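Spelled out from the first residue to the last, the chains are:
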Amino acid sequence: MTDRLPARARILDAASERFYARGVAATGIDVIIAEAGVAKMSLYNNFASKADLVSAYLERRHQEFLARHRGRVEALPAGAGPGARALTVFDAYLDGIDDPFRGCGLLNAAGELPTGDPNRETVARHKAEVEDLLVAALGDQELAEHLSLLLEGAMVRAGLEGDADRVRRARRLAADLMGED
């Protein structure tokens, strides 16, 4: 039950839902505390500022992706090749598709933040980590970069269209590029 969760978790849950659905800038603190059922002081006891709350939201979304990715890697059959390992990155993205789909929550948030904002730099680090997963799977920096661009471009287009089909198509293209089924 939601009201049994600690205040920090309720605040982060409410903020996560609102930031993804309506955007960071369009979501006020008062809406978050009302949805979380906490006092304003509880929010500031747990998060120093809205920027700190946005940072926690971004980190949560990235950790959720990493957990989905780990699950996909662990489910691979023994001896799975580089292509199959690389496709787990696409699969982990697809496993995290929200309904309604608005694209990548990290990219959406970054698009609202000014250049130089620490949270924008956090998103850039997370995206670099995703590309590093592809490099680790493939052992090929250039192909990993191509697949990363394919995946992120598909996420942007899919978010604009409100339909994850672009991401599914990008996965098929990646599989074709690597000779995977």
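An account of the accompanying structure is given in this report. (Residues numbered from 1 in each chain as written. Predicted model: local features only at pLDDT ≥ 70, side-chain atom pairs only at ≥ 80, totals over all residues. Heavy atoms only, no water.)

1. What to know about the packing of aromatic side chains
This model, assessed by the stated rule, comprises two aromatic pairs. Between Phe19 and Tyr57, the aromatic rings sit 5.3 Å apart at their centres with planes inclined by 75 degrees, giving edge-to-face as the arrangement. Pair noted here: Phe19 is in helix 1 (residues 7-22) and Tyr57 is in helix 4 (residues 50-74), with a separation of 38 residues, a long-range link. For the pair formed by Phe19 and Tyr57, the shared burial category is buried. Seen from their ring centres, Phe65 and Tyr93 are 5.1 Å apart, and the 80 degrees between their planes marks the pair as edge-to-face. Here Phe65, found in helix 4, pairs with Tyr93, found in helix 5 (residues 82-95); they are 28 residues apart in sequence, far enough to count as distant. Each of the two residues, Phe65 as well as Tyr93, counts as buried. (Phe/Tyr/Trp six-rings, centres within 6.5 Å; stacked < 30°, edge-to-face > 60°. Helix = DSSP H or I, 4+ residues; strand = E, 2+ residues; numbered from the N terminus. Buried < 20%, exposed > 50% of the residue type's maximum accessible area, 1.4 Å probe, protein only.)

2. Digging into the packing of helix 8 (residues 141-161) against helix 9 (residues 165-178)
Running from N to C, helix 8 and helix 9 cross one another at 160 degrees; their axes reach a closest spacing of 8 Å. Comparing the axis directions of helix 8 and helix 9 gives the class roughly antiparallel. Crossing of helix 8 against helix 9: the hand is right-handed. Residue-level inspection shows Leu143, Leu147, Leu150, Leu151, Ala154, Met155, Arg157, Ala158 and Glu161 of helix 8 in contact with helix 9, the latter providing Arg166, Val167, Ala170, Leu173, Ala174, Leu177 and Met178. Counted by class, the contact of helix 8 with helix 9 contains 13 nonpolar, no polar and three charged residues. (Axes fitted to C-alpha atoms, helices over the stretch in contact; angles between N-to-C directions. Parallel < 35°, antiparallel > 145°, perpendicular 65-115°, else oblique. Left-handed = near helix turned anticlockwise from the far one by under 90°. Contact = heavy atoms within 4.5 Å. Nonpolar A, V, L, I, M, F, W, Y, C, P; charged D, E, K, R; others polar.)

3. Remarks on the packing of helix 6 (residues 105-112) against helix 7 (residues 118-138)
Describing two packed helices takes the angle between their axes plus the distance from one axis to the other. Put simply, helix 6 and helix 7 touch, their axes get as near as 9 Å, and they point 145 degrees apart. Helix-helix and strand crossings are classified by hand; for helix 6 and helix 7 the assignment is left-handed. Between helix 6, through Leu106, Leu107, Ala110 and Gly111, and helix 7, the contact on the second element is made entirely by Arg120, Val123, His126 and Lys127. Counted by class, the contact of helix 6 with helix 7 contains four nonpolar, two polar and two charged residues.

4. Points about helix 1
When the terminal C-alpha atoms of helix 1 are compared, their 22 Å separation across 16 residues agrees well with the 22 Å that a helix rising 1.5 Å per residue should span. Lining the buried residues of helix 1 we find helix 2 (29-36), helix 3 (40-46), helix 4 and helix 6. Positive backbone phi, at 105 degrees, marks Gly23, one or two positions downstream of helix 1. (Expected span 1.5 Å × (residues − 1).)

5. Comments concerning the side chain of Glu152
With respect to the helices and strands, Glu152 occurs in helix 8. Aside from chain neighbours lying at most four places away, what touches Glu152 is Tyr93, Leu107, Lys127 and Val130.

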